[in-house]
Amino acid sequence: MPEGPSVRKFHHLVSPFVGQQVVKTGGSSKKLHPPDLQSLWLQDTQVHGKKLFLRFDPDEELGLRGNDPLPEPLRKGAQEVEATDQEQAVGPSRQTTSDESSQAAALAVPPGDEGPKCLGADCPVPGAERWLQVSFGLFGSIWVNEFSRAKKANKRGDWRDPAPRLVLYFGGGGFLVFYNCQMSWSSSPVVRPASDILSEKFHRGQALEALGQAQPVCYTLLDQRYFSGLGNIIKNEVLYRARVHPLSLGSLLSPSCLEALVDHVVEFSTHWLQDKLQGQQQHPQIYQKEQCPAGHQVMKQELGPPGGFQRLTWWCPQCQPRLPAEGPEKHQRS
């Protein structure tokens, strides 16, 4: 699924439509029921980690009136969203999703029926402020004023264009197209800047404490409770840049090494976002490579906690030597 920098770019693409009214809708989503958004005004957009939040109001000036009390169906929907976020949090025995195409069967949003139309929290409540939470599946994306086209034929030999989940046409003449994503209504955006790797309020101390646990750092880096927006590409790249083996226990790493990991997380994510906004391609050093920049052979293996999701991981055995399970001296940054 798209990582933090990609979702931040989606937020950048959507922002110019804030203040405009939806005049027409389309899309294949049955759970959301696209016609319910017609005539609503897009009043705000926020991003947190890998999720995008869009605020819609039935009146252009509704936002000036403050937060109206929410009817029970919408309150229930918000609680369900919060519970889902907690279930997806990564602990020592669980992992969040990654960008790996090998996980497509598990991660891709199914194209079939999403459930009955306009039931409970999936239907906006008249007169109440509502936020649309957008979670992107594998290859999920947003297109502006154009539709995605097939780049190659499918297994049947058909050149079939991707089917958008949602299309929003605005009064200003432009339109937004959402692909391969799941959407649900909530009473407010679930935003925790302290854990967002691209937020100015990212809490380094919290991240360092999490990394120092007695578990492989490659598990902790994907924990969205501490590194929201960090996915498999960022994980692989920062571990290589910090010269840390993916299975190194955080409790055996020196404070300076942990600091270096957090530094690389912020720096790599920020540079990747800047490249995306400037239309430049990313150039990974280890992700999906056969050799590292030093010319060494790269290892590739699916790594993850027992019973949790396994992520394809690339590392260089020479640049990122594995630490012993136990040892009197902590690893120092090379």
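Please refer to the structure higher up on the page.
(A) Representation of the nonpolar core in the model. Counting 40 residues, the largest nonpolar core has Ile197, Leu211, Leu221, Phe227, Leu230, Val244 and Leu261 as the members making the most contacts within it. Secondary-structure elements contributing two or more residues to this core are helix 4 (204-211), helix 5 (217-220), helix 6 (232-241), helix 7 (255-277) and strand 8 (311-315). With eight residues, the single largest contributor to this core is helix 7. Apart from residues lying up to four places away in sequence, Leu211 is in contact with Val217, Thr220, Leu221, Phe227, Gly250, Leu258, Leu261 and Val262. The next biggest cluster of nonpolar side chains, apart from the first, holds 25 residues, and it includes Val22, Leu52, Leu166 and Leu168.

(B) Region of interest: the sheet that holds strand 4 (residues 130-144). Here six strands make up an open sheet; going across it, the order is 1-5-6-4-3-2 and the pairing antiparallel. With one partner strand each, in any of the chains shown, strand 1 (22-26) and strand 2 (41-48) form the two edges of the open sheet. Averaged over neighbouring strand pairs, the angle between their axes works out to 40 degrees when direction is ignored. Packed on one face of the sheet, helix 1 (residues 4-14) meets strand 2, strand 3 (51-57), strand 4 and strand 6 (175-186) and runs near 115 degrees to strand 4.

(C) View of the pairing of strand 2. Counting buried residues in strand 2 gives six out of eight residues, a clear majority hidden from the surface. Two elements, strand 2 and strand 3, share seven bridges in a ladder whose sense is antiparallel. Along strand 3, the bridge assignment pairs Leu42 with Phe56. Between strand 2 and strand 3, which follow one another and run antiparallel, lie two residues, and Gly49 among them has a positive phi close to 60 degrees.

(D) Main features of the environment of Pro317. Looking at where Pro317 falls in the secondary structure, it is placed in the segment after strand 8. Looking at Pro317, the relative accessible area reads 37%, which means it is partly exposed. When the C-alpha atoms of Pro317 and Val244 are compared, they prove to be 9.8 Å apart, with 73 residues separating the residues in sequence. Those residues in contact with Pro317, other than ones at most four positions away along the chain, are Gln297 and Met299.

(E) Layout of the side chain of Asp196. Tracing the sequence through the fold places Asp196 in the loop between strand 6 and helix 4. Beyond its immediate sequence surroundings of up to four residues, Asp196 is in contact with Arg8, Val47, His48, Gly49, Phe202 and Ser228.

(F) Inspection of the packing of aromatic side chains at higher detail. A complete count under the given rule lists nine aromatic pairs for this structure. Taking 4.9 Å as the distance between ring centres and 40 degrees as the angle between the ring planes, the aromatic pair formed by Phe17 and Phe170 counts as tilted. Of this pair, Phe17 sits in the loop between helix 1 and strand 1 while Phe170 sits in strand 5 (residues 166-170), placing them 153 residues apart in sequence. In this pair, the class of Phe17 matches that of Phe170, namely buried. Each ring, one from Phe56 and one from Trp185, has its centre 6.3 Å from the other, and the planes form 80 degrees; the classification is edge-to-face.

Rules used in this analysis
- Residues numbered from 1 in each chain as written.
- Predicted model: local features only at pLDDT ≥ 70, side-chain atom pairs only at ≥ 80, totals over all residues.
- Heavy atoms only, no water.
- Core = buried A, V, L, I, M, F, W, Y, C linked by side-chain atoms within 4.5 Å.
- Buried < 20%, exposed > 50% of the residue type's maximum accessible area, 1.4 Å probe, protein only.
- Helix = DSSP H or I, 4+ residues; strand = E, 2+ residues; numbered from the N terminus.
- Contact = heavy atoms within 4.5 Å.
- Pairing = 2+ DSSP bridges.
- Axes fitted to C-alpha atoms, helices over the stretch in contact; angles between N-to-C directions.
- Phe/Tyr/Trp six-rings, centres within 6.5 Å; stacked < 30°, edge-to-face > 60°.

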